[in-house]
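Chain and residue survey
So you can see what is in the structure, the chains are spelled out below.
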Amino acid sequence: MIRNTLITFFLLILLSANSYSAGSSSGSDSNSTSANHYSKAVKLVKAAKKYENDGKVEKANKRYMKALKLLIKSNKSKPNKADTLNYLGFTTRKLGDFETGEKYYLQGLAIEPNHIGINEYLGELYVATNRIDLANERLKILESCNCKEYDSLKQIIAGTKKSKY
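In this convention, every chain numbers its residues from 1, walking through the sequence in written order. Given that this is a predicted model, residues contribute local features only at a pLDDT of at least 70 and side-chain atom pairs are listed and counted only at 80 or more, while totals for whole chains, interfaces and linings are drawn from all residues. Side-chain calculation: all heavy atoms of the structure are included, whereas hydrogens and water are not.

As for the environment of Gly123
Counting from the N terminus, the helices are the DSSP runs of H or I reaching at least four residues and the strands are the DSSP runs of E reaching at least two. With respect to the helices and strands, Gly123 occurs in helix H6 (residues 116–128). Distance in space between the C-alpha atoms of Gly123 and Asp133 is 9.5 Å, their sequence separation being 10 residues.

Shown next, in the form of structure tokens:
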């Protein structure tokens, strides 16, 4: 509980600090910076997953926090990208802030309702928060994708597989 509160507090400080930045970039520099933040964040998330799989949770969480900061910057300079919102949802969820993670996932779905990754991860979040009816709604959307995400979420909902994320 204290951890979730601290994470939420940190996010609020981070978000409010960004809102006081003076000026803005324009042109390709802004897009390049945003893409650079995004690609660095993706690498950090992948590294965090490896640390997590090895049982090195503290190292994983440090990478998730660094990735979160970069994703917030990327989303600020180039907002409303479903993939960025998916990673924002994922990193906040991994850091224990399910409420904020859900908000990011829902923002992403408002942009791209059939986003495979968001639907899977949001379904997993719903299972983790014991909202199976909502998880089944995500599963229904994935039903026609003919993808591993559908099979994975179906097994997680059924309880025959534990979420690796």
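Remarks on the state of the cysteines
By definition, disulfides here are pairs of cysteine sulfur atoms that lie within 2.5 Å. The full count for this structure, using the stated rule, is 1 disulfide. Covalently, Cys145 is tied to Cys147 through a disulfide, its sulfur atoms 1.8 Å apart. What sets the handedness of the Cys145 and Cys147 disulfide is the S-S torsion sign, and at about -60° it is left-handed. For Cys145, a relative accessible area of 24% translates into the label partly exposed. For the exposure calls, accessible area comes from a 1.4 Å probe over protein chains only, and a residue counts as buried if that area is under 20% of its type's maximum, exposed if over 50%, partly exposed in between.

Here's the deal with the pattern of salt bridges
Between Lys or Arg on one side and Asp or Glu on the other, a salt bridge is scored when a side-chain nitrogen of the former is within 4 Å of a carboxyl oxygen of the latter. Enumeration according to the criterion identifies 6 salt bridges in this entry. Of the charged contacts in the structure, one is a salt bridge between Lys94 and Glu52, with a shortest N-O distance of 2.9 Å. Of this pair, Lys94 sits in helix H4 (residues 82–94) while Glu52 sits in helix H2 (residues 28–53), and the two are 42 residues apart along the sequence. On the basis of relative accessibility, which here comes to 14%, the residue Lys94 falls in the buried class. For Glu52, a relative accessible area of 26% translates into the label partly exposed. The salt bridge partner of Arg93 is Glu124, with a shortest N-O separation of 3.9 Å.

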